[in-house]
Amino acid sequence: PLKQLVEITDAFKPYAFLWSLKEASHGFVPSAGIDSQKHLLLDWALQRLILSHSAVRLFASHTGWNSLPESR
């Protein structure tokens, strides 16, 4: 999981993002990849509310069942 978290962080680093990731995994995200001015790392997020915001341009998911209907 460490390698994947590093790759995901590097890929999204240039963009502003909100990332909902279980707190136990926060320590694996490279701190050099997180800029507190444009990145927000949370343990939990109200997905439906976030997805309804006009600023959302991309939604990346692990494709769990709840994410599918909420992303419509």
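See the structure shown above.
About the thresholds
Residues numbered from 1 in each chain as written. Predicted model: local features only at pLDDT ≥ 70, side-chain atom pairs only at ≥ 80, totals over all residues. Heavy atoms only, no water. 1 Å grid on protein atoms, 1.4 Å probe; cavity = no way out; pocket = protein on both sides within 12 Å on 5 of 7 lines; lining within 4 Å. Points joined across faces, edges and corners; volume = space filled by probe spheres on them. Nonpolar A, V, L, I, M, F, W, Y, C, P; charged D, E, K, R; others polar. Helix = DSSP H or I, 4+ residues; strand = E, 2+ residues; numbered from the N terminus. Polar contact = N/O pair within 3.5 Å; in protein donor to acceptor, adjacent residues only side chain to side chain. Contact = heavy atoms within 4.5 Å. Core = buried A, V, L, I, M, F, W, Y, C linked by side-chain atoms within 4.5 Å. Buried < 20%, exposed > 50% of the residue type's maximum accessible area, 1.4 Å probe, protein only.

Chemist: Is there a simple way to explain the layout of surface pockets in this structure?
Modeler: Picture a little ball the size of a water molecule; that probe, rolled over the atoms, points out where space is still empty. Put simply, the largest pocket is a space of about 1300 Å³. Along the wall of the largest pocket there are 32 residues; nearest its centre are Leu18, Trp19, Ser20, Phe59 and Ala60. Considered class by class, the residues forming the lining of the largest pocket number 19 nonpolar, seven polar and six charged.

Chemist: Looking at this model, I keep getting lost on the side chain of Thr9. Mind explaining?
Modeler: Checked against the element boundaries, Thr9 lands in helix H1 (residues 2–12). At a separation of 2.7 Å, a polar atom in the side chain of Thr9 contacts the main-chain carbonyl oxygen of Leu5. In this structure, Thr9 is in contact with Trp19, Val29, Pro30 and Gly33, ignoring residues within four places of it in sequence.

Chemist: Would you mind showing me how to read the nonpolar core here?
Modeler: If you look at soluble globular proteins, the nonpolar side chains tend to sit buried side by side. Core analysis: the largest hydrophobic core is formed by five residues, namely Leu5, Phe17, Trp19, Leu21 and Val29. Not counting residues within four places of it along the chain, the set of residues in contact with Trp19 comprises Leu5, Ile8, Thr9, Val29, Leu40, Leu41 and Leu42.

Purely geometric stuff here, so don't read any function into it on its own.
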